[in-house]
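# Observations on the three-dimensional arrangement
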Amino acid sequence: MKTLSIIFYVIGSILLIVSCFTDSYSATWWLGGIAVIFLIGGCVCQFTSNSNKQITHNHDNFNQ
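Here is a short report on the structure shown in this document. Note that the structure is a prediction, hence the values are computed from the model and not measured. Sequence order sets the numbering: in each chain, residues are counted from 1 along the sequence as written. Where totals are concerned, whole chains, interfaces and linings use all residues; where local detail is concerned, this predicted model gives features only for residues with pLDDT of at least 70, and gives and counts side-chain atom pairs only at 80 or more. With hydrogens and water stripped out, all remaining heavy atoms of the structure feed into the side-chain values.

## Here's the deal with the side chain of Ser49
Along the polypeptide, Ser49 turns up in helix H2 (residues 25-51). If we ignore the near neighbours within four places in the chain, the residues touching Ser49 are Met1 and Lys2. Helix and strand definitions follow DSSP, with helices as H or I runs of at least four residues and strands as E runs of at least two, each counted in order from the N terminus. Contacts: residue pairs with any heavy atoms within 4.5 Å of one another.

Below is the structure:
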């Protein structure tokens, strides 16, 4: 999932940059919208990757 999130982030960033340099008004919005979807997909993949990790707590008892 970590690799997939990076791929989504890269594609979304490239689409967002490309959308800034288009001449067509509708193409700018379409590319920007698709870029946002890819960036959100990257966030979801990253969250899923981070939430699957096991959290271990190390409790030291200093009062023994």
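Structure shown, so let's carry the discussion forward.
## Side note on the side chain of Ser19
Looking at the secondary structure, you find Ser19 in helix H1 (residues 2-20). Buried, partly exposed and exposed residues are distinguished by accessible area as a fraction of the type maximum, computed with a 1.4 Å probe on protein chains only: under 20%, between the cut-offs, and over 50%, respectively. The buried category is assigned to Ser19, whose relative accessible area is 5%. Apart from residues no more than four positions distant in its own chain, Ser19 is found in contact with Thr28, Leu31 and Gly32.

## Side note on the packing of aromatic side chains
Only rings of Phe, Tyr and Trp enter the pairing, Trp through its six-membered ring, and a pair is recorded when the two centres are within 6.5 Å. The plane angle decides the type: under 30 degrees is stacked, over 60 is edge-to-face, the rest tilted. On inspection of all chains with the given rule, the structure shows two aromatic pairs. Their ring planes at 50° and their centres at 5.5 Å tell us that Phe8 and Phe38 sit as a pair that is tilted. Separated by 30 residues along the polypeptide, Phe8 in helix H1 and Phe38 in helix H2 bring together distant segments of the chain. By relative accessible area, which is 22% here, Phe8 ends up partly exposed. Classification of Phe38 by relative accessible area gives partly exposed; the value is 23%. With centroids separated by 6.5 Å and ring planes inclined at 65°, the aromatic side chains of Tyr25 and Trp29 adopt a geometry described as edge-to-face. Placement of the pair is Tyr25 and Trp29 together in helix H2, with a separation of four residues, close to one helical turn. Each member of the pair, Tyr25 together with Trp29, is exposed.

## Focus on the packing of H1 against H2
H2 packs onto H1 with a crossing angle of 160° between their chain directions and a minimal axis gap of 8 Å. One finds that H1 runs roughly antiparallel with respect to H2. The two elements H1 and H2 meet at a crossing, and its hand is left-handed. Looking at the contact of H1 with H2, its residues break down into 14 nonpolar, 10 polar and one charged. Comment: axis = line fitted to C-alpha atoms, over the contacting stretch for helices; angle = value between 0 and 180 degrees taken between N-to-C directions. What sets the label is the angle itself: under 35 degrees gives roughly parallel, over 145 gives roughly antiparallel, 65 to 115 gives roughly perpendicular, and the rest give oblique. Should the near helix be turned counterclockwise from the far one by less than a right angle, the crossing is left-handed, whereas a clockwise turn marks it as right-handed. Gly falls in the polar group here, along with every residue not listed as nonpolar (Ala, Val, Leu, Ile, Met, Phe, Trp, Tyr, Cys, Pro) or charged (Asp, Glu, Lys, Arg).

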